[in-house]
Amino acid sequence: MNGPHLQLEVYPDAGAACRMAAQRLAQALAQGGTAALAGGNTPRPAYHLLAEMELPWPAITLVPTDERCVPPDHPERNDRMLAEALGDRGYRLVRLPAELGPEQGAREAEALVAPLVPFRVVLLGLGEDGHTASLFPGHPALEATGLVAPVRRAPKPPPERITLTLRALSQTETALLLVTGASKREALRRLLTGDDLPPRRLTVPTLTILADREAADAMEA
Ligand SMILES: O=C(O)[C@H](O)[C@@H](O)[C@H](O)[C@H](O)COP(=O)(O)O
């Protein structure tokens, strides 16, 4: 299928891929602006590195690409992970009210996200099943027309989530996908060989994939 041009960059290991992710985020935010940042485990080291960089932090706004419907401050919250990894640098963190449940949470988040687009940069992750943010293959949230969509029955726990939509995530100057580790190899192979996975449905001109060798395996040019 068509979709963004996929620009694959392969780094020797996850640490190097995360260093590059931090650098790209810092470049995009050098004059301030808003970034949508993936949750999950993969980008944590990139956020730690970003926190050490000299940036106009008070002019920077961060929002998670998706949020899990668990109470605020729950260890599985993406906003908590972001706040812990980045520390208190003076940026603004927009928390998506997922504790209200998928539908009400998404409705209230819509008004919070509307003034944030277009983003300077979006950093996404990739799940083993090819999902990105909380946009899972075949899930109705892929068809949502707003900026934030409710998600129930997500195959990755917790099953209830809210997510920025393809429409929201595509409104960005720079789109990055960070993919590391052997467990992501099959999903990355499928993405690169044209399977209809959610990242392919972004309407950005280019999606830059920062991968490590383990994930990219034989796909390296
Ligand atoms: O909240 C989430 O779960 C994420 O935003 C999700 O899209 C994540 O990026 C991928 O599932 C990869 O997660 P890992 O980096 O933990 O493998």
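Reading guide: rules and limits
- Here the residue numbers are simple positions, counted from 1 along each chain's written sequence.
- This being a predicted model, a pLDDT of at least 70 is required before a residue's local features are given, and a value of 80 or more before pairs of side-chain atoms are given or counted; all residues contribute to the totals for chains, interfaces and linings.
- The criterion for a residue being near a molecule or strand is a backbone-placed C-beta atom within 6 Å of that molecule or strand.
- When residues are grouped by polarity, Ala, Val, Leu, Ile, Met, Phe, Trp, Tyr, Cys and Pro land in nonpolar, Asp, Glu, Lys and Arg in charged, and all others, Gly among them, in polar.
- The helix and strand labels rest on DSSP assignments: H or I over at least four residues marks a helix, E over at least two residues marks a strand, and numbering proceeds from the N terminus.
- A helix's residues, less one, multiplied by 1.5 Å, set its expected span.
- Burial in this document is a count-based property: other C-beta atoms within 10 Å of a residue's C-beta are tallied, and the residue is buried at 20 or more, exposed at 12 or fewer, or partly exposed in between, with C-beta positions derived from the backbone.
- In this description, one arc is meant: the one made by directions from the helix axis to the C-beta atoms.
- The contact criterion used is a C-beta to C-beta distance within 7 Å, with each C-beta placed from the backbone.
- UniProt positions are given in the numbering used here, feature names are shortened, and annotations may be inferred rather than shown by experiment.
- A pair of strands is considered paired only if DSSP assigns at least 2 bridges between the two.
- For our purposes the nonpolar core covers buried Ala, Val, Leu, Ile, Met, Phe, Trp, Tyr and Cys residues that link as a set through C-beta atoms within 7 Å.

Residue-level account of the site of the ligand, with values.
Taken together, 14 residues form the shell around the ligand, and within it G39, G40, N41, T42 and G125 come nearest. Of the residues assigned to the shell around the ligand, the class counts are two nonpolar, ten polar and two charged.

Go over helix α4 (residues 102-113) with me, naming the residues and quoting the values.
With twelve residues, α4 ought to run about 16 Å at 1.5 Å a step, and its terminal C-alpha atoms sit 15 Å apart, in line with that. For α4, the set of buried residues is P102, G105, A106, A109 and V113. The arc enclosing the buried residues of α4, seen along the axis, measures out at 95°, which places them on a common side. Against β3 (60-64), β7 (148-151), β8 (161-164) and α5 (166-169) lie the buried residues of α4.

Can you tell me about the UniProt feature "domain: Glucosamine/galactosamine-6-phosphate isomerase" (unreviewed entry) in the chain, naming the residues and giving the values?
The UniProt record annotates "domain: Glucosamine/galactosamine-6-phosphate isomerase" (unreviewed entry) at residues 16-201. For residues 16-201, helix accounts for 29% and strand for 20%, while the C-alpha atoms at its two ends are 27 Å apart.

Please provide a residue-by-residue account of the pairing of β8, values included.
Residues R161 and T163 point to one face of β8 and I162 and L164 to the other, with burial holding for every one of them. As paired strands, strand β4 (residues 66-68) and β8 are joined by three bridges and run antiparallel to one another. Note on β8: the bridge partner recorded for R68 is R161. Here β7 pairs with β8 via four bridges, running antiparallel. Within β8, the residue paired with P150 across the bridge is I162.

Summarise the nonpolar core; cite the residues concerned and give the values.
A21, A35, L123 and L176 are the most contacted members of the largest nonpolar core, which totals 65 residues. Broken down by element, this core gets its largest block of residues, seven residues, from helix α1 (residues 14-28). Contact partners of L176, with chain neighbours within four places excluded, come to A21, R24, V121, V122, L123, L124, T208 and L210.

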